[in-house]
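In case you want the letters, here they are:
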Amino acid sequence: MIMRLKHVKGSEEAVEKSSFVLHSSEEVKEKLSELSDSRLFLEIGMGKGRFITENALLNPDVFYIGMEMYESVMIKAIKRLEDMEDKAPSNLMFLRMDAKDILDFFPEESVDRIYLNFSDPWPKNRHSKRRLPSREFLSLFEKILKPGGDIEFKTDNRDLFDFALKEYEPAGFKIQYQTFDLHKDEDEMKNNIMTEYEEKFSSIGNPICKYRIKKLP
Ligand code: SAH
């Protein structure tokens with residue numbers, strides 16, 4: 001799986017102007033202060049945003065922030081909300097951010113759940129620290145999660161998943177659920193929302209791996 005980046009003309013500007021986007025750590029802080037009682041769920045590397053948008057529509061009592069590093073990708077998620085007009089969920093916003101800077105945006109113990117879906121595998125060993133389910137990234141995520149907060153990770157990349165299974169314990173998590181073939185698990189599929197990558201890779205027969213890990217007290 002290779003990340004192909006094509007430049008989409010005008011996408012930087014469109015992201016900058018969009019009212020669906022949080023544009024600074026100050027705007028994030030302000031938003032979080034308005035949330036009071038609702039839970040906060042993040043997706044890191046949301047891509048075109050189908051998963052988080054469907055989640056937001058199904059769970060109006062949860063506030064969602066979808067994060068993506070590239071404007072050229074995020075623009076698709078913005079367009080989807082624009083096309084929904086007045087049906088766009090009001091409990092969803094986007095943030096253009098590199099996951100390595102997450103502590104600049106979210107205070108400690110402020111987040112209830114983080115989703116990682118089809119994160120880039122970075123197959124070379126010397127790049128292992130760039131993988132989002134690495135212990136290095138999980139340790140950052142652990143800080144912003146509330147006690148008892150959790151992370152859900154899905155991928156069709158078995159090597160990345162096997163790697164991920166060795167990383168959560170040293171980062172302060174315990175396993176809650178794991179499967180090497182999500183689409184055969186009827187119970188877990190009841191609430192499954194497919195991502196764009198999940199649809200693509202499961203349709204060519206790749207089994208989908210998933211885990212749910214919980215922050216240790
Ligand atoms: N979650 C989507 C897209 C998966 S592709 C789906 O399942 O369909 C992985 C996405 O993560 C890409 O859009 C990529 O730009 C983004 N990404 C990769 N590294 C990132 C990082 N460090 N911070 C934020 N986003 C990142």
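Residues numbered from 1 in each chain as written. Predicted model: local features only at pLDDT ≥ 70, side-chain atom pairs only at ≥ 80, totals over all residues. Heavy atoms only, no water.

Draft legend 1. Region of the structure containing the overall build of the chain. From N to C terminus, the chain includes eight helices and eight strands. For 217 residues, the compact-globule estimate of 2.2 N^0.38 gives 17 Å, and the chain sits close to it at 17 Å. Considering only C-alpha atoms, the chain reaches an extent of 40 × 40 × 40 Å along its principal axes. Burial statistics for the chain: of 217 residues in total, 49% are counted as buried. Across the chain, every contact between residues at least 6 apart in sequence was considered, and the portion connecting residues at least 24 apart equals 77%. Within the structure as shown, the chain displays about 11600 Å² of accessible surface, and the carbon and sulfur contribution to it stands at 48%. Separation between the mean location of the 35 positive side-chain charges and that of the 41 negative ones in the chain comes to 5 Å. (Helix = DSSP H or I, 4+ residues; strand = E, 2+ residues; numbered from the N terminus. Rg over C-alpha atoms; globule rule 2.2 N^0.38 Å. Buried < 20%, exposed > 50% of the residue type's maximum accessible area, 1.4 Å probe, protein only. Contact = heavy atoms within 4.5 Å. Areas by Shrake-Rupley, 256 points an atom, 1.4 Å probe, with all protein chains shown as cover. Lys, Arg positive; Asp, Glu negative; His and termini not counted. Charge placed at Lys NZ, Arg CZ, Asp CG, Glu CD.)

Draft legend 2. Representation of the site of the ligand in the model. The local shell around the ligand holds 16 residues, among which Gly45, Glu68, Ala99, Thr195 and Tyr197 are the closest. The separation between a nitrogen atom of the ligand and a polar side-chain atom of Glu43 is 3.3 Å. In this structure, a nitrogen atom belonging to the ligand sits 3.4 Å away from a main-chain N or O atom of Met69. Protein chains shield 94% of the accessible area of the ligand, which is 570 Å² for the free molecule. Looking at the shell around the ligand residue by residue, the classes come out as seven nonpolar, four polar and five charged. (Near = heavy atom within 4 Å. Polar contact = N/O pair within 3.5 Å; in protein donor to acceptor, adjacent residues only side chain to side chain. Nonpolar A, V, L, I, M, F, W, Y, C, P; charged D, E, K, R; others polar.)

Draft legend 3. Inspection of the pattern of salt bridges at higher detail. Overall, the coordinates contain 20 salt bridges when judged by the stated rule. Notably, a salt bridge pairs Glu152 with Lys210, separated by 3.2 Å at the nearest N-O pair. You can see Glu152 sitting in strand S6 (residues 145-155) and its partner Lys210 sitting in strand S8 (residues 209-215), a full 58 residues away along the chain. The buried category is assigned to Glu152, whose relative accessible area is 10%. A residue is classified by how much of its surface remains accessible, and Lys210, at 5% relative accessible area, is buried. The partner of Arg212 in a salt bridge is Glu152, with the nearest N and O atoms 2.8 Å apart. Linking Arg212 in strand S8 with Glu152 in strand S6, this pair joins segments that are 60 residues apart in sequence. A relative accessible area of 18% means that Arg212 is categorised as buried. Taken together, the shared-partner salt bridges connect Arg113, Asp150, Glu152, Glu188, Lys210 and Arg212 into one network. (Salt bridge = Lys/Arg side-chain N within 4 Å of Asp/Glu carboxyl O.)

Draft legend 4. A look at the layout of surface pockets. A volume near 350 Å³ is recorded for the second largest pocket. Mapped by element, the contributors of at least two residues to the lining of the second largest pocket are strand S2 (39-44), helix H3 (50-58), strand S3 (62-68), strand S5 (111-117), S6 and helix H7 (186-189). Taken together, the residues of the lining of the second largest pocket break down into seven nonpolar, five polar and seven charged. (1 Å grid on protein atoms, 1.4 Å probe; cavity = no way out; pocket = protein on both sides within 12 Å on 5 of 7 lines; lining within 4 Å. Points joined across faces, edges and corners; volume = space filled by probe spheres on them.)

Draft legend 5. The packing of aromatic side chains, seen in detail. In the structure shown here, the tally under the stated rule is 11 aromatic pairs. Pairing Phe153 with Phe161 gives two aromatic rings, centres 6.1 Å apart and planes at 25 degrees, and the pair type is stacked. On the basis of an interplanar angle of 45 degrees and a centroid distance of 6.0 Å, the ring pair of Phe161 and Tyr211 is categorised as tilted. One end of the pair, Phe161, is in helix H6 (residues 158-165); the other, Tyr211, is in strand S8, and 50 residues separate them in sequence. Tyr211 matches Phe161 in its accessibility class, with the two residues each being buried. (Phe/Tyr/Trp six-rings, centres within 6.5 Å; stacked < 30°, edge-to-face > 60°.)

Draft legend 6. Region of interest: unusual backbone geometry. Notably, Glu109 is not glycine yet its phi reads approximately 50 degrees, a positive angle. Mapping Glu109 onto the fold places it in the loop between strand S4 (92-96) and S5. Despite not being glycine, Trp122 shows a phi value in the positive range, around 40 degrees. Note on placement: Trp122 falls in the loop between S5 and helix H5 (135-144). We classify Trp122 as partly exposed; its relative accessible area is 29%.

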